[in-house]
Amino acid sequence: MQLALGVLLLAAAALAGPLRTQTEFEFKHHNNQELLDVLEQVHARCPGITKVYNLSETSVRGVPLSVIEFSTHPGLHKLRAPEFKYIANMHGNEVLGRELLLKLAHYLCEQYLAGDESIQKLINSTRIHLLPSMNPDGWQLSTDTGAKDYLTGRTNNRSVDLNRNFPDLDRIMYSNEEHHIEHNNHLLKQVDRLTEPIQPETRAVMKLIMTTPFVLSANMHGGDLVANYPYDASRTGAMSEYTSSPDDQTFKHLALAYSKKHATMGDPKRSGCGYDGYNFGKQQGITNGAAWYSVQGGMQDFNYLSSNDFEITLELGCDKYPKASELEREWNNNKDALLHYIWQAHIGIKGVVRDAKTRRPISNAFIHVRNITEGCVKECDIKHDVTSVHGGDYWRLLTPGVYEVTVTAEGFEPVMQQAEVTHTPESEAQILDFWLGQPEIEEPELYDTQVYPRQGEMEDPLDNRMDKLRKKWFFGIYPHPAPI
């Protein structure tokens, strides 16, 4: 009897050992296999709220680009729940973000199980995607060569900088502005040339962006300590020039949301990076991208101009490849900021656009916003529209104020509503639904104006071509991604 009891106790101890290790996280530099192991372990511990999946393509050397997703409906888009993503290790030798996302995945799982109300609310209301490494080949090269060089491992295995490899949509946006073309979003189908072939890692992320209705994201780098916001490329081609986007006010808020919660990013008394480096803490730890230095083909601006996603770039520290002994401290420096930034996916308004007669959702409806807050005297129209997605739902990130929101869709009369946006921490966005009815147009008038010019009027060939192009671009882009 005692022998049998001893065997049972030993067996129980053997079983308990592996289960205990699943709840622990080791601060170290995880290799590419260990990275996947951590994601799988988190999923095994929290199977009801996680899913591990690979992007559509591997790295050049065949390493999977693995993502872990947190949601109450893993693998599915939930109506009115914003989609969020963090992407790290885009430059292979900039590794802190990679380890922070592994720890973040572990932390979200453990705190959810522990009953942390804030974490449970965040996961219950948001679909979160974490891609710890976009450039595992560069990470391998940097690690194998001692992780000391400032450039070795930065690029992918074909020596291409992935943060210069996205289609240059800034060029198209600025051309549209110059020619007074009011096409200000979802610009991918206007791409007419590429400066270099799209790399598999870039292509995989592009497909992710174009097939998932992300609302907010950030990509993680190293070499400085600052939150960088669009535009990244200057309008004039200058090497350094403040280049605001239509959502400049919102992007400043997003960058500050991270820098103010970071332990030192916004500290004006901290040291800058490198010899006589500038301390971005003097400007609250944020910068406009092009005002720092102009970047063409970057992922940040691609998100904003190809989809509904607002993205900023996080430079997480002076040391691109910090020692393993420093990782826990860096996690503590960034933890609150990482969580607070995800909550920003809930600022502004959200809702569903439906057909008033059939009650069916309307996708590809355009949501245009005009700021009518007292004191707005110019540029009140925010010239960057977002679109409703396949379930008819939409999200529009906005800072507090009063706005006129107009929704238009092909075949429907526009509908306008007014919204007063407020912001309560860790709360969901204000719901503003739209019901669109069919236009009341007499058949002869429709025939006369759409098929033939009226007598005495000449049809403008350029206007006609642009109208056809707008319909092609506006109403055909989502949810089907453009060929890439």
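Residues numbered from 1 in each chain as written. Predicted model: local features only at pLDDT ≥ 70, side-chain atom pairs only at ≥ 80, totals over all residues. Heavy atoms only, no water.

## Topic: the nonpolar core
If you look at the biggest cluster of nonpolar residues, it comprises 88 residues, and the most contacted ones within it are F70 and Y86. The residues contacting F70, other than those within four sequence positions of it, are V42, I49, T50, A105, L108, C109, I123, T126, R127, I128 and L130. (Core = buried A, V, L, I, M, F, W, Y, C linked by side-chain atoms within 4.5 Å. Buried < 20%, exposed > 50% of the residue type's maximum accessible area, 1.4 Å probe, protein only. Contact = heavy atoms within 4.5 Å.)

## Here's the deal with the sheet that holds strand β2 (residues 66-70)
Taken together, the 8 strands give an open sheet; going across it, the order is β1-β2-β4-β3-β5-β8-β6-β7, and neighbouring strands pair in mixed fashion. Two strands in the sheet have a free side with no partner beyond their single neighbour: β1 (50-54) and β7 (286-288). Direction aside, the axes of adjacent strands within the sheet are offset by 20° on average. Of the strands in this sheet, β3 (83-87), β5 (214-221), β6 (224-229) and β8 (310-317) are in contact with helix α10 (residues 299-306), which crosses β8 at around 165°. (Pairing = 2+ DSSP bridges. Helix = DSSP H or I, 4+ residues; strand = E, 2+ residues; numbered from the N terminus. Axes fitted to C-alpha atoms, helices over the stretch in contact; angles between N-to-C directions.)

## Looking at the state of the cysteines
Per the counting criterion, the structure on display carries 2 disulfides. For C46, the disulfide goes to C109, at an S-S distance of 2.0 Å. Looking along the S-S bond of the C46-C109 disulfide, the torsion reads about 90°, which is the right-handed sense. Placement of the pair is C46 in the loop between α2 (32-45) and β1 and C109 in helix α3 (residues 96-113), with a sequence separation of 63 residues. (Disulfide = S-S within 2.5 Å.)

## Looking at unusual backbone geometry
Going from P230 to Y231, the amide bond is cis rather than trans, its omega being -5°. Positioned with a positive phi, R80 is a non-glycine residue whose angle comes to about 70°. Its location among the elements puts R80 in the loop between β2 and β3. Judged by its relative accessible area of 21%, R80 is partly exposed. With phi around 60°, S159 is a residue other than glycine that occupies positive phi space. Looking at the secondary structure, you find S159 in the loop between α5 (136-144) and α6 (169-178). By relative accessible area, S159 is classed as exposed at 61%.

## Re the pattern of salt bridges
In this structure the tally under the stated criterion is 22 salt bridges. In this structure, D161 engages R164 in a salt bridge whose closest nitrogen and oxygen atoms are separated by 3.8 Å. Two residues, D192 and R193, come together in a salt bridge whose shortest N-O distance is 4.0 Å. Using a relative accessible area of 52% as the deciding quantity, one classes R193 as exposed. (Salt bridge = Lys/Arg side-chain N within 4 Å of Asp/Glu carboxyl O.)

## Brief notes about the sheet that holds strand β10 (residues 366-371)
Spatial strand order, β11-β10-β13-β14: 4 strands in an open sheet with antiparallel pairing. Where the open sheet ends on each side, the last strands, each with one partner, are β11 (381-387) and β14 (415-421). The sheet shows a mean angle of 25° between the axes of neighbouring strands, taken without regard to direction. Sheet topology places β10 next to β11; 4 bridges connect them, and they run antiparallel.

## A short note on α5
Among the residues of α5, those classed as buried are P136, D137, G138, W139 and S142. Looking one or two residues beyond α5, the residue adopting positive phi is G146, at roughly 100°.

## Observations regarding the side chain of H346
Its place among the elements puts H346 in the loop between α11 (327-343) and β9 (349-355). Using a relative accessible area of 3% as the deciding quantity, one classes H346 as buried. A distance of 2.7 Å separates the side chain of H346 from the side chain of T126, its partner in a polar contact. Among all residues touching H346, those that are not within four sequence positions of it are P82, S125, T126, S427, E428 and A429. (Polar contact = N/O pair within 3.5 Å; in protein donor to acceptor, adjacent residues only side chain to side chain.)

## Section: the side chain of N135
Along the chain, the position of N135 falls in the loop between β4 (127-131) and α5. Take N135: its relative accessible area is 0%, and that puts it in the buried class. With sequence-adjacent residues up to four places away left out, N135 is seen in contact with N89, M90, H91, G92, G153, R154, T155, N156 and L162.

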